[in-house]
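# Close look at the chain arrangement
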Amino acid sequence: MVAPRLVLVLGDQLSQNIAALKAADKARDLVVMAEVAEEGTYVRHHKKKIVLVLAAMRKFAEELRRDGWDVAYTRLDDPENTGTILGELLRRASERRITEVLATEPGEFRLIAALSDGPLTFTLLDDDRFVASHQEFEAWAAGKKQLRMEYFYREMRRKTQLLMDGDHPAGGKWNYDSENRKPAKDDLLRPEPIRFQTDDTVRDVVEIVESRFADHPGQAVPFWFATDRTQALAALDFFVENHLVNFGDYQDAMLQSDRFLHHSLLSAYISIGLLDPLEVCQKVEAAYENGKAPLNATEGFIRQIIGWREYMRGIYFLKGPSYTQLNFLNASRPLPAFFWSGEIDLNCLKTSICDTLEEAYAHHIQRLMVIGNFALLAGVNPYEVHEWYLAVYWDAFEWVEAPNVIGMSQFADGGVVASKPYISSGAYIDRMSDYCGTCQYSPKIKMGEGACPFNVLYWNFLETHSDIFSKNPRMAQIYAGWRKRKAEDRQKILADAETFLSNL
(Lines give C-alpha, C1' and ligand atoms only; values in the text may rest on other atoms or scores of the structure.)
Protein backbone atom coordinates (compact mmCIF):
# COMPACT_ATOMS: atom_id res chain seq x y z
CA MET A 1 0.00 0.00 0.00
CA VAL A 2 1.33 3.43 -0.95
CA ALA A 3 1.85 5.71 2.06
CA PRO A 4 -0.29 8.86 2.29
CA ARG A 5 1.23 12.33 2.08
CA LEU A 6 0.41 15.75 3.45
CA VAL A 7 -0.50 18.27 0.73
CA LEU A 8 0.23 21.81 1.84
CA VAL A 9 -2.00 24.58 0.43
CA LEU A 10 -1.03 28.12 1.44
CA GLY A 11 -3.26 31.17 1.63
CA ASP A 12 -2.06 32.46 -1.75
CA GLN A 13 -2.47 29.09 -3.48
CA LEU A 14 -6.27 28.83 -3.51
CA SER A 15 -6.65 27.07 -6.82
CA GLN A 16 -7.50 23.48 -7.65
CA ASN A 17 -4.92 23.78 -10.40
CA ILE A 18 -2.07 24.44 -7.97
CA ALA A 19 0.84 22.08 -8.59
CA ALA A 20 0.66 20.23 -5.26
CA LEU A 21 -3.02 19.38 -5.71
CA LYS A 22 -2.47 18.26 -9.29
CA ALA A 23 0.27 15.91 -8.12
CA ALA A 24 -1.70 14.59 -5.13
CA ASP A 25 -3.96 11.56 -4.81
CA LYS A 26 -7.43 12.44 -3.55
CA ALA A 27 -7.97 8.88 -2.37
CA ARG A 28 -5.04 8.78 0.07
CA ASP A 29 -3.47 12.19 0.69
CA LEU A 30 -4.41 14.75 3.34
CA VAL A 31 -4.68 18.44 2.43
CA VAL A 32 -3.30 20.71 5.16
CA MET A 33 -4.41 24.33 5.42
CA ALA A 34 -3.75 26.53 8.42
CA GLU A 35 -4.47 30.04 9.63
CA VAL A 36 -1.40 30.84 11.72
CA ALA A 37 -0.39 33.90 13.69
CA GLU A 38 3.08 34.09 12.15
CA GLU A 39 1.70 34.72 8.65
CA GLY A 40 -0.37 37.64 9.91
CA THR A 41 2.32 39.27 12.02
CA TYR A 42 5.76 38.98 10.38
CA VAL A 43 4.76 42.42 9.16
CA ARG A 44 1.68 44.23 10.47
CA HIS A 45 -0.62 43.30 7.61
CA HIS A 46 -3.66 45.48 6.97
CA LYS A 47 -6.78 44.08 8.64
CA LYS A 48 -8.66 43.91 5.31
CA LYS A 49 -5.81 41.93 3.75
CA ILE A 50 -5.95 39.37 6.57
CA VAL A 51 -9.75 39.11 6.25
CA LEU A 52 -9.43 38.56 2.49
CA VAL A 53 -6.93 35.73 2.81
CA LEU A 54 -8.53 33.94 5.76
CA ALA A 55 -12.08 34.13 4.40
CA ALA A 56 -10.91 32.90 0.99
CA MET A 57 -8.97 30.07 2.66
CA ARG A 58 -12.03 28.90 4.60
CA LYS A 59 -14.19 28.90 1.50
CA PHE A 60 -11.57 27.10 -0.55
CA ALA A 61 -11.21 24.39 2.10
CA GLU A 62 -14.95 23.77 1.87
CA GLU A 63 -14.70 23.66 -1.92
CA LEU A 64 -12.02 20.98 -1.65
CA ARG A 65 -14.12 18.96 0.79
CA ARG A 66 -17.13 19.09 -1.54
CA ASP A 67 -14.83 17.82 -4.28
CA GLY A 68 -13.86 14.80 -2.22
CA TRP A 69 -10.61 15.87 -0.61
CA ASP A 70 -9.73 15.06 2.99
CA VAL A 71 -8.83 18.45 4.47
CA ALA A 72 -7.24 19.16 7.85
CA TYR A 73 -7.95 22.84 8.42
CA THR A 74 -6.64 24.83 11.39
CA ARG A 75 -8.47 28.01 12.37
CA LEU A 76 -6.66 30.90 13.99
CA ASP A 77 -8.53 30.42 17.27
CA ASP A 78 -7.98 26.64 17.44
CA PRO A 79 -6.49 26.00 20.92
CA GLU A 80 -4.09 23.44 19.42
CA ASN A 81 -2.83 25.88 16.76
CA THR A 82 0.98 25.96 16.87
CA GLY A 83 1.16 29.39 15.25
CA THR A 84 3.39 28.47 12.27
CA ILE A 85 2.97 26.62 8.97
CA LEU A 86 5.74 24.17 9.80
CA GLY A 87 4.28 23.59 13.26
CA GLU A 88 0.92 22.69 11.77
CA LEU A 89 2.51 20.32 9.27
CA LEU A 90 4.39 18.59 12.09
CA ARG A 91 1.21 18.33 14.13
CA ARG A 92 -0.77 16.77 11.29
CA ALA A 93 2.13 14.48 10.42
CA SER A 94 2.24 13.21 13.99
CA GLU A 95 -1.54 12.67 14.10
CA ARG A 96 -1.56 10.65 10.87
CA ARG A 97 1.95 9.17 11.09
CA ILE A 98 2.93 10.76 7.77
CA THR A 99 6.48 11.85 6.88
CA GLU A 100 6.18 13.18 3.32
CA VAL A 101 4.83 16.57 2.23
CA LEU A 102 3.82 17.75 -1.22
CA ALA A 103 4.00 21.54 -1.53
CA THR A 104 3.91 24.16 -4.23
CA GLU A 105 6.86 26.53 -3.95
CA PRO A 106 5.94 29.49 -1.72
CA GLY A 107 6.35 33.02 -3.06
CA GLU A 108 8.64 34.18 -0.24
CA PHE A 109 12.13 33.08 0.68
CA ARG A 110 11.08 33.36 4.32
CA LEU A 111 8.61 30.49 3.91
CA ILE A 112 10.84 28.43 1.64
CA ALA A 113 13.51 28.50 4.35
CA ALA A 114 10.98 27.65 7.08
CA LEU A 115 9.74 24.56 5.23
CA SER A 116 13.27 23.21 4.84
CA ASP A 117 13.90 23.46 8.60
CA GLY A 118 12.32 20.27 9.91
CA PRO A 119 12.28 16.48 9.90
CA LEU A 120 9.63 16.03 7.19
CA THR A 121 10.51 15.08 3.63
CA PHE A 122 9.36 17.81 1.26
CA THR A 123 8.67 17.57 -2.45
CA LEU A 124 8.60 21.22 -3.51
CA LEU A 125 6.93 21.69 -6.90
CA ASP A 126 7.27 24.65 -9.26
CA ASP A 127 4.38 27.09 -9.13
CA ASP A 128 3.16 26.68 -12.70
CA ARG A 129 0.55 29.44 -12.46
CA PHE A 130 3.23 31.65 -14.01
CA VAL A 131 4.06 31.88 -17.70
CA ALA A 132 7.84 31.85 -17.15
CA SER A 133 9.57 29.29 -14.95
CA HIS A 134 12.62 30.25 -12.91
CA GLN A 135 14.77 28.46 -15.46
CA GLU A 136 13.24 30.37 -18.37
CA PHE A 137 13.79 33.72 -16.68
CA GLU A 138 17.36 32.83 -15.76
CA ALA A 139 18.03 31.80 -19.36
CA TRP A 140 16.59 35.08 -20.65
CA ALA A 141 18.64 37.09 -18.14
CA ALA A 142 21.91 35.25 -18.71
CA GLY A 143 24.65 37.47 -20.13
CA LYS A 144 22.52 40.61 -20.32
CA LYS A 145 23.94 43.86 -18.93
CA GLN A 146 20.45 45.28 -18.52
CA LEU A 147 17.35 43.29 -17.61
CA ARG A 148 14.70 45.52 -19.12
CA MET A 149 11.12 44.42 -18.69
CA GLU A 150 10.05 45.56 -22.16
CA TYR A 151 12.13 42.90 -23.90
CA PHE A 152 11.13 40.17 -21.48
CA TYR A 153 7.50 41.17 -22.02
CA ARG A 154 7.86 40.66 -25.75
CA GLU A 155 9.07 37.11 -25.11
CA MET A 156 6.00 36.49 -22.95
CA ARG A 157 3.75 37.80 -25.74
CA ARG A 158 5.38 35.42 -28.18
CA LYS A 159 5.08 32.50 -25.77
CA THR A 160 1.41 33.09 -24.90
CA GLN A 161 0.43 34.41 -28.36
CA LEU A 162 -1.62 37.08 -26.61
CA LEU A 163 -2.32 40.06 -28.92
CA MET A 164 -0.15 38.58 -31.65
CA ASP A 165 -0.65 38.54 -35.41
CA GLY A 166 1.60 35.65 -36.31
CA ASP A 167 5.10 36.75 -35.32
CA HIS A 168 4.11 40.40 -35.02
CA PRO A 169 2.27 42.34 -32.31
CA ALA A 170 -1.34 43.24 -32.94
CA GLY A 171 -1.59 46.75 -34.35
CA GLY A 172 2.10 46.80 -35.27
CA LYS A 173 3.43 48.01 -31.91
CA TRP A 174 4.41 46.15 -28.73
CA ASN A 175 3.59 48.98 -26.38
CA TYR A 176 0.88 51.66 -26.34
CA ASP A 177 1.91 53.26 -23.06
CA SER A 178 2.26 56.70 -24.64
CA GLU A 179 -1.53 56.72 -25.20
CA ASN A 180 -2.30 55.83 -21.58
CA ARG A 181 -1.40 59.02 -19.73
CA LYS A 182 -4.53 61.14 -19.79
CA PRO A 183 -5.73 63.00 -16.69
CA ALA A 184 -9.29 62.20 -15.62
CA LYS A 185 -12.25 64.35 -14.65
CA ASP A 186 -15.04 63.69 -12.19
CA ASP A 187 -17.69 61.56 -13.83
CA LEU A 188 -20.90 60.76 -11.95
CA LEU A 189 -21.73 58.11 -14.57
CA ARG A 190 -18.50 56.15 -14.06
CA PRO A 191 -19.47 52.72 -12.68
CA GLU A 192 -18.53 51.99 -9.08
CA PRO A 193 -16.53 48.81 -8.42
CA ILE A 194 -18.53 45.65 -7.89
CA ARG A 195 -19.01 45.10 -4.15
CA PHE A 196 -19.85 41.77 -2.57
CA GLN A 197 -22.18 41.28 0.39
CA THR A 198 -20.66 40.20 3.68
CA ASP A 199 -21.57 36.58 4.40
CA ASP A 200 -21.27 34.45 7.55
CA THR A 201 -17.75 33.32 6.70
CA VAL A 202 -16.52 36.87 6.27
CA ARG A 203 -18.30 38.01 9.43
CA ASP A 204 -16.65 35.27 11.46
CA VAL A 205 -13.23 36.19 10.10
CA VAL A 206 -13.79 39.92 10.67
CA GLU A 207 -14.59 39.22 14.32
CA ILE A 208 -11.39 37.29 14.94
CA VAL A 209 -9.23 39.74 12.95
CA GLU A 210 -10.52 42.72 14.90
CA SER A 211 -9.73 40.86 18.11
CA ARG A 212 -6.37 39.26 17.26
CA PHE A 213 -4.91 42.03 15.09
CA ALA A 214 -6.31 45.11 16.80
CA ASP A 215 -3.03 47.03 16.52
CA HIS A 216 -2.66 46.45 12.77
CA PRO A 217 -3.31 49.24 10.25
CA GLY A 218 -6.72 49.90 8.78
CA GLN A 219 -10.16 48.59 9.63
CA ALA A 220 -11.64 45.21 8.79
CA VAL A 221 -14.98 46.72 7.82
CA PRO A 222 -16.55 47.74 5.58
CA PHE A 223 -15.34 44.68 3.67
CA TRP A 224 -16.52 44.15 0.09
CA PHE A 225 -13.84 42.12 -1.70
CA ALA A 226 -14.45 38.80 -3.45
CA THR A 227 -13.54 35.81 -1.29
CA ASP A 228 -14.27 32.85 -3.59
CA ARG A 229 -13.80 31.98 -7.24
CA THR A 230 -17.41 32.63 -8.24
CA GLN A 231 -17.20 36.17 -6.90
CA ALA A 232 -13.77 36.73 -8.43
CA LEU A 233 -15.06 35.67 -11.84
CA ALA A 234 -17.95 38.11 -11.43
CA ALA A 235 -15.41 40.85 -10.65
CA LEU A 236 -13.49 39.95 -13.81
CA ASP A 237 -16.64 40.09 -15.94
CA PHE A 238 -17.63 43.42 -14.38
CA PHE A 239 -14.25 44.97 -15.18
CA VAL A 240 -14.24 43.77 -18.79
CA GLU A 241 -17.82 44.92 -19.40
CA ASN A 242 -17.68 48.26 -17.58
CA HIS A 243 -14.13 49.53 -17.21
CA LEU A 244 -11.73 47.97 -19.71
CA VAL A 245 -12.72 50.33 -22.52
CA ASN A 246 -11.37 53.32 -20.53
CA PHE A 247 -8.69 51.55 -18.52
CA GLY A 248 -5.84 52.46 -20.86
CA ASP A 249 -6.57 56.16 -21.27
CA TYR A 250 -6.86 56.88 -17.55
CA GLN A 251 -4.70 54.25 -15.88
CA ASP A 252 -2.23 56.90 -14.64
CA ALA A 253 -4.86 59.42 -13.53
CA MET A 254 -5.66 60.27 -9.90
CA LEU A 255 -8.80 61.85 -8.46
CA GLN A 256 -9.67 62.69 -4.87
CA SER A 257 -13.31 61.79 -5.42
CA ASP A 258 -12.70 58.45 -7.13
CA ARG A 259 -10.17 56.02 -5.69
CA PHE A 260 -10.70 53.33 -8.30
CA LEU A 261 -11.43 55.04 -11.64
CA HIS A 262 -11.24 52.27 -14.27
CA HIS A 263 -8.77 49.96 -12.52
CA SER A 264 -9.62 46.28 -12.44
CA LEU A 265 -9.17 45.52 -8.71
CA LEU A 266 -8.24 41.96 -9.72
CA SER A 267 -4.60 41.79 -8.66
CA ALA A 268 -5.19 40.21 -5.24
CA TYR A 269 -7.59 37.63 -6.67
CA ILE A 270 -4.92 36.58 -9.17
CA SER A 271 -2.22 36.52 -6.49
CA ILE A 272 -4.13 34.28 -4.08
CA GLY A 273 -5.31 31.89 -6.77
CA LEU A 274 -8.99 32.74 -7.22
CA LEU A 275 -8.26 33.79 -10.82
CA ASP A 276 -5.71 32.37 -13.23
CA PRO A 277 -3.57 35.09 -14.87
CA LEU A 278 -3.90 33.65 -18.35
CA GLU A 279 -7.68 33.27 -18.13
CA VAL A 280 -7.85 36.94 -17.16
CA CYS A 281 -5.65 37.98 -20.09
CA GLN A 282 -7.60 35.83 -22.52
CA LYS A 283 -10.88 37.35 -21.37
CA VAL A 284 -9.46 40.83 -21.93
CA GLU A 285 -8.02 39.85 -25.31
CA ALA A 286 -11.41 38.50 -26.38
CA ALA A 287 -13.00 41.87 -25.59
CA TYR A 288 -10.52 43.54 -27.97
CA GLU A 289 -11.09 40.94 -30.68
CA ASN A 290 -14.86 41.43 -30.37
CA GLY A 291 -14.54 45.18 -30.75
CA LYS A 292 -15.48 45.96 -27.14
CA ALA A 293 -12.16 47.45 -26.03
CA PRO A 294 -9.43 49.46 -27.76
CA LEU A 295 -5.94 48.10 -28.25
CA ASN A 296 -4.23 50.62 -25.97
CA ALA A 297 -6.39 49.49 -23.04
CA THR A 298 -6.06 45.81 -23.80
CA GLU A 299 -2.31 45.89 -24.32
CA GLY A 300 -1.75 48.07 -21.27
CA PHE A 301 -3.68 45.66 -19.06
CA ILE A 302 -2.09 42.50 -20.44
CA ARG A 303 1.37 44.05 -20.07
CA GLN A 304 0.78 44.48 -16.34
CA ILE A 305 0.14 40.74 -15.96
CA ILE A 306 2.42 38.88 -18.37
CA GLY A 307 4.94 41.73 -18.40
CA TRP A 308 5.40 43.38 -15.04
CA ARG A 309 3.95 40.59 -12.88
CA GLU A 310 6.08 37.89 -14.48
CA TYR A 311 9.15 40.11 -14.61
CA MET A 312 8.88 41.03 -10.92
CA ARG A 313 8.75 37.37 -9.93
CA GLY A 314 11.72 36.64 -12.16
CA ILE A 315 13.81 39.40 -10.56
CA TYR A 316 12.84 38.34 -7.02
CA PHE A 317 13.97 34.75 -7.44
CA LEU A 318 16.96 35.64 -9.62
CA LYS A 319 18.41 38.05 -7.06
CA GLY A 320 17.73 35.92 -4.00
CA PRO A 321 16.90 36.53 -0.32
CA SER A 322 19.31 39.45 0.10
CA TYR A 323 17.49 41.58 -2.51
CA THR A 324 15.27 43.30 0.07
CA GLN A 325 18.38 44.50 1.95
CA LEU A 326 19.79 46.47 -0.99
CA ASN A 327 20.31 50.19 -0.41
CA PHE A 328 22.24 51.54 -3.39
CA LEU A 329 21.72 55.20 -2.46
CA ASN A 330 22.47 54.66 1.26
CA ALA A 331 19.11 56.14 2.26
CA SER A 332 18.81 56.13 6.05
CA ARG A 333 15.86 58.29 7.10
CA PRO A 334 13.34 56.37 9.27
CA LEU A 335 9.89 55.89 7.78
CA PRO A 336 7.88 58.98 8.80
CA ALA A 337 5.05 58.34 11.26
CA PHE A 338 2.48 59.84 8.87
CA PHE A 339 2.78 56.73 6.70
CA TRP A 340 0.67 55.00 9.37
CA SER A 341 -1.79 57.85 9.94
CA GLY A 342 -2.04 59.98 6.80
CA GLU A 343 -1.52 63.07 8.95
CA ILE A 344 0.54 65.18 6.55
CA ASP A 345 -0.28 68.54 4.99
CA LEU A 346 0.67 67.57 1.42
CA ASN A 347 -2.70 66.75 -0.06
CA CYS A 348 -1.41 64.20 -2.60
CA LEU A 349 0.34 62.22 0.14
CA LYS A 350 -2.53 62.57 2.57
CA THR A 351 -5.06 61.37 0.00
CA SER A 352 -2.95 58.46 -1.26
CA ILE A 353 -2.03 57.24 2.21
CA CYS A 354 -5.55 57.63 3.58
CA ASP A 355 -6.91 55.71 0.57
CA THR A 356 -4.39 52.99 1.37
CA LEU A 357 -5.19 52.81 5.06
CA GLU A 358 -8.94 52.76 4.47
CA GLU A 359 -9.11 50.31 1.57
CA ALA A 360 -5.80 48.36 1.71
CA TYR A 361 -5.59 49.61 -1.89
CA ALA A 362 -4.18 52.43 -3.95
CA HIS A 363 -3.52 52.21 -7.65
CA HIS A 364 -0.05 51.94 -9.14
CA ILE A 365 0.56 55.65 -9.80
CA GLN A 366 -0.38 56.59 -6.25
CA ARG A 367 2.01 53.92 -5.02
CA LEU A 368 4.84 54.81 -7.40
CA MET A 369 4.64 58.52 -8.20
CA VAL A 370 3.20 59.91 -4.98
CA ILE A 371 4.11 57.69 -2.02
CA GLY A 372 7.18 55.99 -3.50
CA ASN A 373 8.37 59.19 -5.14
CA PHE A 374 8.24 61.00 -1.81
CA ALA A 375 10.05 58.22 0.06
CA LEU A 376 12.83 58.18 -2.52
CA LEU A 377 13.22 61.97 -2.63
CA ALA A 378 13.22 62.14 1.17
CA GLY A 379 15.88 59.44 1.49
CA VAL A 380 13.78 56.99 3.52
CA ASN A 381 15.41 53.64 4.28
CA PRO A 382 14.21 51.37 1.45
CA TYR A 383 13.82 48.31 3.68
CA GLU A 384 11.36 50.23 5.87
CA VAL A 385 9.52 51.38 2.76
CA HIS A 386 9.40 47.77 1.55
CA GLU A 387 7.96 46.53 4.84
CA TRP A 388 5.30 49.25 4.79
CA TYR A 389 4.15 48.35 1.27
CA LEU A 390 4.14 44.66 2.18
CA ALA A 391 1.98 45.39 5.21
CA VAL A 392 -0.65 47.79 3.89
CA TYR A 393 -1.68 46.59 0.42
CA TRP A 394 -4.19 43.80 -0.16
CA ASP A 395 -2.21 42.44 -3.13
CA ALA A 396 1.27 42.76 -1.60
CA PHE A 397 3.08 39.43 -1.57
CA GLU A 398 6.83 39.66 -1.32
CA TRP A 399 7.72 38.10 -4.68
CA VAL A 400 5.86 40.90 -6.49
CA GLU A 401 6.03 43.70 -3.92
CA ALA A 402 9.78 43.68 -3.18
CA PRO A 403 11.08 44.21 -6.74
CA ASN A 404 8.44 46.88 -7.30
CA VAL A 405 9.54 48.76 -4.18
CA ILE A 406 13.25 47.99 -3.82
CA GLY A 407 13.90 48.17 -7.55
CA MET A 408 11.33 50.20 -9.41
CA SER A 409 10.22 52.65 -6.71
CA GLN A 410 13.27 53.21 -4.51
CA PHE A 411 16.13 52.48 -6.96
CA ALA A 412 17.75 50.58 -4.10
CA ASP A 413 19.01 47.87 -6.45
CA GLY A 414 21.13 50.37 -8.39
CA GLY A 415 19.33 50.01 -11.69
CA VAL A 416 18.50 46.32 -12.02
CA VAL A 417 14.81 47.07 -12.61
CA ALA A 418 14.78 50.74 -13.64
CA SER A 419 17.21 52.56 -15.92
CA LYS A 420 16.72 55.75 -13.89
CA PRO A 421 14.86 56.71 -10.71
CA TYR A 422 11.10 57.16 -10.90
CA ILE A 423 11.06 60.69 -9.48
CA SER A 424 9.22 63.85 -10.33
CA SER A 425 8.55 67.35 -9.05
CA GLY A 426 5.06 68.54 -8.18
CA ALA A 427 4.32 69.27 -11.84
CA TYR A 428 3.71 65.62 -12.70
CA ILE A 429 1.31 65.12 -9.79
CA ASP A 430 -0.51 68.32 -10.75
CA ARG A 431 -0.83 67.18 -14.36
CA MET A 432 -2.16 63.69 -13.51
CA SER A 433 -4.43 64.52 -10.56
CA ASP A 434 -6.69 67.09 -8.93
CA TYR A 435 -4.80 66.87 -5.64
CA CYS A 436 -2.93 70.15 -5.94
CA GLY A 437 -5.98 72.40 -6.28
CA THR A 438 -6.90 72.02 -2.60
CA CYS A 439 -3.36 71.77 -1.21
CA GLN A 440 -1.70 74.53 0.81
CA TYR A 441 1.37 74.14 -1.39
CA SER A 442 1.57 75.05 -5.07
CA PRO A 443 3.43 73.00 -7.68
CA LYS A 444 3.89 76.24 -9.63
CA ILE A 445 5.98 77.78 -6.84
CA LYS A 446 9.50 76.42 -7.16
CA MET A 447 11.02 77.67 -3.89
CA GLY A 448 10.24 79.75 -0.86
CA GLU A 449 6.92 80.14 0.92
CA GLY A 450 4.13 78.00 -0.49
CA ALA A 451 6.43 75.98 -2.76
CA CYS A 452 5.46 72.37 -3.24
CA PRO A 453 7.89 70.22 -1.21
CA PHE A 454 8.14 67.82 -4.15
CA ASN A 455 9.76 70.66 -6.14
CA VAL A 456 12.60 71.34 -3.72
CA LEU A 457 13.05 67.67 -2.80
CA TYR A 458 13.34 66.74 -6.47
CA TRP A 459 16.27 69.07 -7.09
CA ASN A 460 17.83 68.27 -3.75
CA PHE A 461 17.79 64.58 -4.64
CA LEU A 462 19.41 65.22 -8.00
CA GLU A 463 22.10 67.41 -6.45
CA THR A 464 22.78 64.94 -3.64
CA HIS A 465 23.25 62.08 -6.10
CA SER A 466 24.74 64.02 -9.02
CA ASP A 467 27.87 61.86 -9.01
CA ILE A 468 25.65 58.90 -9.94
CA PHE A 469 22.90 60.30 -12.14
CA SER A 470 24.49 63.22 -13.99
CA LYS A 471 26.20 60.65 -16.22
CA ASN A 472 22.94 58.89 -17.01
CA PRO A 473 22.10 59.79 -20.63
CA ARG A 474 18.37 59.88 -19.82
CA MET A 475 19.00 62.56 -17.17
CA ALA A 476 21.70 64.70 -18.79
CA GLN A 477 19.24 67.35 -20.02
CA ILE A 478 17.70 67.63 -16.54
CA TYR A 479 21.10 68.29 -14.99
CA ALA A 480 21.97 70.77 -17.73
CA GLY A 481 18.85 72.77 -16.88
CA TRP A 482 19.67 72.66 -13.16
CA ARG A 483 23.18 73.98 -13.70
CA LYS A 484 21.90 76.88 -15.80
CA ARG A 485 19.93 78.23 -12.86
CA LYS A 486 21.29 81.09 -10.84
CA ALA A 487 23.59 80.00 -8.04
CA GLU A 488 21.50 81.80 -5.43
CA ASP A 489 18.32 80.01 -6.67
CA ARG A 490 20.01 76.63 -6.41
CA GLN A 491 21.18 77.45 -2.90
CA LYS A 492 17.70 78.57 -1.90
CA ILE A 493 16.10 75.39 -3.24
CA LEU A 494 18.60 73.19 -1.41
CA ALA A 495 18.14 75.18 1.80
CA ASP A 496 14.35 74.83 1.55
CA ALA A 497 14.72 71.09 1.07
CA GLU A 498 16.99 70.81 4.08
CA THR A 499 14.53 72.76 6.20
CA PHE A 500 11.63 70.53 5.13
CA LEU A 501 13.55 67.33 5.78
CA SER A 502 14.80 68.50 9.16
CA ASN A 503 11.19 69.15 10.21
CA LEU A 504 9.89 65.87 8.82
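Small disclaimer: the values here were computed from a predicted structure and weren't measured.

### Concerning the overall build of the chain
- Assigned secondary structure in the chain consists of 22 helices and seven strands.
- On C-alpha atoms alone, the chain measures out to a radius of gyration of 24 Å, which is about the 23 Å that the 2.2 N^0.38 rule sets for 504 residues.
- By its C-alpha atoms, the chain is 85 × 50 × 50 Å across when sized along the principal axes.
- Sorting the 504 residues of the chain into buried and exposed places 57% on the buried side.

### A closer look at the environment of serine 257
- Counting through the fold element by element, serine 257 comes out in the loop between helix H10 (244–247) and helix H11 (267–272).
- You can call serine 257 exposed: its relative accessible area is 54%.
- Separated by 72 residues in sequence, serine 257 and lysine 185 place their C-alpha atoms 9.6 Å apart.

### A word on the side chain of glutamate 150
- When you line up the elements, glutamate 150 lands in helix H7 (residues 149–160).
- For glutamate 150, a relative accessible area of 18% corresponds to the buried category.
- Side chain to side chain, glutamate 150 and asparagine 175 meet in a polar contact 3.0 Å long.
- Once residues lying within four places of it in the same chain are set aside, the contact partners of glutamate 150 are Trp174, Asn175 and Arg303.

### What to know about the packing of helix H9 (residues 229–242) against helix H12 (residues 277–289)
- Across the interface, H9 lies against H12 with an axial gap of 10 Å and an inter-helix angle of 30 degrees. Relative to H12, H9 is oriented roughly parallel. The element H9 and its partner H12 pack so that their crossing is right-handed. Touching Arg229, Leu233, Leu236, Asp237, Phe239 and Val240 of H9 are Glu279, Val280, Lys283, Val284 and Ala287, all from H12.
- For the contact of H9 with H12, the per-class residue count stands at seven nonpolar, no polar and four charged.

Definitions and limits used
Residues numbered from 1 in each chain as written. Predicted model: local features only at pLDDT ≥ 70, side-chain atom pairs only at ≥ 80, totals over all residues. Heavy atoms only, no water. Helix = DSSP H or I, 4+ residues; strand = E, 2+ residues; numbered from the N terminus. Rg over C-alpha atoms; globule rule 2.2 N^0.38 Å. Buried < 20%, exposed > 50% of the residue type's maximum accessible area, 1.4 Å probe, protein only. Polar contact = N/O pair within 3.5 Å; in protein donor to acceptor, adjacent residues only side chain to side chain. Contact = heavy atoms within 4.5 Å. Axes fitted to C-alpha atoms, helices over the stretch in contact; angles between N-to-C directions. Parallel < 35°, antiparallel > 145°, perpendicular 65-115°, else oblique. Left-handed = near helix turned anticlockwise from the far one by under 90°. Nonpolar A, V, L, I, M, F, W, Y, C, P; charged D, E, K, R; others polar.

Any functional reading would require information that these geometric values do not contain.
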